[in-house]
Amino acid sequence: MDYLKQATKLKNQLIMYRRKIHSYAEVGMNLPKTVDFVISELKAMGYSPKKVGQSGVTATIGCSGKVILLRADMDALPMEEKSGEPFASTNGNCHGCGHDMHTAMLLGAAKLLKENEAQLSGTVKLMFQPGEELFKGSKDMIEAGILENPKVDAALAIHTATGVTPLGVFMYNNSSTMMCSADTFKITIKGKGSHGSYPQNSIDPINIAAHVILATQEVIARETIPSELCVLTIGSINAGSMANSIPESAVITGSIRASSKEMRSTMVSRTKEIAELTSATFRGTCEFELLSGTPPLICNPQVVNSMVKYINELDFQGKSPYPGLQANASEDFAEISDRVPSAYMMLGAGFPTDPKAANAHDPAVRFNEDALPIGAAILAHCAERWLADNQ
Ligand SMILES: [Zn+2]
Ligand SMILES: [Zn+2]
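Predicted, not measured: the structure shown is a model, and the values here were computed from it.

Here we take up the overall build of the protein chain. Regarding its fold elements, the protein chain presents ten helices and 14 strands. Over its C-alpha trace the protein chain gives a radius of gyration of 23 Å, about what one expects of a compact globule, namely 21 Å for 391 residues. Structurally, the protein chain occupies a C-alpha span of about 80 × 45 × 40 Å along its principal axes. Excluding contacts between residues fewer than 6 apart, the proportion of contacts in the protein chain whose partners are at least 24 apart in sequence is 82%.

Shown next as structure tokens:
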């Protein structure tokens, strides 16, 4: 089947899918309207979709044999939209990362694959996940069994790249880490309160917090490999309520990013150790909590190379491969790529002639809907071709 030609015919329907999901943007792990919409569209196509985990959806198509998983995320961001689009969300949430585009692309691929079911030499498993922005949705669906029954052999996900990224550019990494791990943490330092004029009666948690913050930065300076991407950011510190009183506790939150599993584990364990030992040095105690986390996104070179070859078989507008993409950002598809040989592609969906075009996570961000049929065709074509090559 000429997936690109068929997907182009579906363009108006893909735009309808995208704008509908966009208009009622839902965030986090509970996406009732989006999930209902995805389920009803899949049923209308002839699928038997199932809910997986808190708010995920899956459906399969094809015969037995090898299984390839196609992933789309469905969640939006909790920020007010300022895109100026006529279909903009007005509920205080915004599809500012393009996950509405990804859901529409995967629905489009589902439709294309259904029309071509007889040609499939294995099984395609669709995965629509919530909570990517929280780094929770993928893990939740894995724990609920998305990678089993039937067992998944390979996986593919597409993420749009907007701003000034031209339509048709596809970015990947077949040799090293594509995106960093992300771990958010909370450190609660407990001391002893007192009047500010009698510090000897206190155990000052603010003073301890200051030492902890400075000491953790030494992990970056002296304990990580300089050529690797490693970031430790303290994003908040809260303690006290007045100028002449020493409070009982101080709370720090922050995030750690690393481009390798080894550095991730070193940074997390050393941050915990430094917080605990520094607190003890100054007579306080502390509790270190990991709030959320996802591993670095490392794709399987063989699967990536196959997908690049299949994408190059499609003749879409602006087609241009961009290898070696590496970003500080994170993506919870990494939970899948950590367990199954995977490929992850960034697909250009921006406006290169507008130098002020906003990027993802900006409330003014817009996405080029011409990318919708390209994305749908890539997903369907790559799935069919990978199954044909790997039985
Ligand atoms: Zn995002
Ligand atoms: Zn995203």
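Structure's up, so let's keep going.
Protein-derived ligands of the zinc ion (ligand 1) are Cys 97 (SG), Glu 133 (OE), Glu 133 (OE) and His 361 (NE2), with the metal-ligand distances lying across 2.0 to 2.8 Å. For the zinc ion (ligand 1), the four donor atoms in the first shell make angles of 52 to 148 degrees at the metal, so the coordination geometry reads as irregular. Between the zinc ion (ligand 1) and the zinc ion (ligand 2), both coordinated by Cys 97, there is a metal-metal distance of 3.2 Å. Highlighted residues: Glu 133 in the loop between β4 (123-129) and α5 (137-143) and His 361 in the loop between β14 (342-348) and α10 (371-389), separated in sequence by 228 residues. Take His 361: its relative accessible area is 41%, and that puts it in the partly exposed class.

Let us look at the packing of helix α2 (residues 11-23) against helix α3 (residues 32-45). One way to put it is that α2 packs onto α3 with a least axis distance of 10 Å and a crossing angle of 155 degrees. Relative to α3, the element α2 is oriented roughly antiparallel. The way α2 lies across α3 gives a crossing that is right-handed. Along its contact with α2, which presents Met 16, Tyr 17, Lys 20 and Ile 21, the element α3 presents Thr 34, Phe 37, Glu 41 and Met 45. Of the residues that constitute the contact of α2 with α3, the class distribution is five nonpolar, one polar and two charged.

Glancing now at unusual backbone geometry. The linkage connecting Asn 149 with the following residue, Pro 150, adopts the cis geometry, with an omega of -5 degrees. Along the chain, Pro 150 turns up in the loop between α5 and β5 (154-161). Positive phi outside glycine occurs at Asn 149, with the angle close to 45 degrees. Mapped onto the secondary structure, Asn 149 falls in the loop between α5 and β5.

Core analysis: the biggest nonpolar cluster contains 95 residues, and Leu 42, Val 124, Leu 126, Phe 128, Met 307 and Met 345 have the highest contact counts within it. Once residues lying within four places of it in the same chain are set aside, the contact partners of Met 345 are Leu 156, Ala 157, Ile 158, His 159, Phe 170, Met 171, Tyr 172, Val 304, Met 307, Val 308 and Ile 311. Formed by 21 residues, the second largest nonpolar core is a distinct cluster that contains Ile 208, Val 219, Ile 252 and Ile 256.

When the terminal C-alpha atoms of α3 are compared, their 20 Å separation across 14 residues agrees well with the 20 Å that a helix rising 1.5 Å per residue should span. What α3 keeps buried is the set Thr 34, Val 35, Phe 37, Val 38, Ile 39, Glu 41, Leu 42 and Met 45. The elements touched by buried residues of α3 are α2, β1 (50-52), β2 (56-62), α4 (99-115) and β4. Of the residues flanking the end of α3, it is Gly 46, one or two places downstream, whose phi is positive at about 105 degrees.

About the thresholds
Per chain, the residues get numbers from 1 upward, laid out in the order the sequence is written. Chain labels run from A onward and ligand labels from 1 onward, assigned in the order the entries are written. Under the rules for a predicted model, residues below a pLDDT of 70 receive no local features and side-chain atom pairs below 80 are neither given nor counted, while totals for whole chains, interfaces and linings still include all residues. The side-chain numbers reported here are obtained from all heavy atoms of the structure, hydrogens and water having been left aside. The secondary structure listing takes helices from DSSP runs of H or I that are at least 4 residues long and strands from runs of E that are at least 2 residues long, numbered from the N terminus. Our radius of gyration looks at C-alpha atoms and nothing else; its globule reference is 2.2 Å times the residue count to the power 0.38. The contact rule is simple, with two residues in contact once any of their heavy atoms fall within 4.5 Å. Distances up to 2.8 Å from the metal define which N, O and S atoms are donors, and 3.2 Å serves for Na, K and Ca; water is absent from the atom set, so sites may look incomplete. A four-donor site is classed as tetrahedral when every donor-metal-donor angle falls between 85 and 135 degrees; four donors are called square planar, and six octahedral, when trans pairs exceed 155 degrees and all remaining angles lie between 65 and 115, with any other arrangement labelled irregular. Each residue is assigned to one of three classes by its accessible area relative to the maximum for its type, calculated with a 1.4 Å probe on protein chains only: buried under 20%, partly exposed between the two thresholds, exposed over 50%. Fitting a line to C-alpha atoms yields each axis, with helices limited to the stretch in contact; the angle taken between N-to-C directions then spans 0 to 180 degrees. With respect to orientation, any angle under 35 degrees is reported as roughly parallel, any angle over 145 as roughly antiparallel, any angle of 65 to 115 as roughly perpendicular, and every other angle as oblique. Here is the rule for handedness: rotate from the far helix to the near one, and if that takes an anticlockwise turn smaller than a right angle the crossing is left-handed, while a clockwise turn gives right-handed. Under this grouping Gly is polar, as are all residues other than the nonpolar Ala, Val, Leu, Ile, Met, Phe, Trp, Tyr, Cys and Pro and the charged Asp, Glu, Lys and Arg. Residues enter a nonpolar core if they are buried and are Ala, Val, Leu, Ile, Met, Phe, Trp, Tyr or Cys, with the set joined through side-chain atoms within 4.5 Å. In this scheme, a helix's expected span is set at 1.5 Å multiplied by one less than its residue total.

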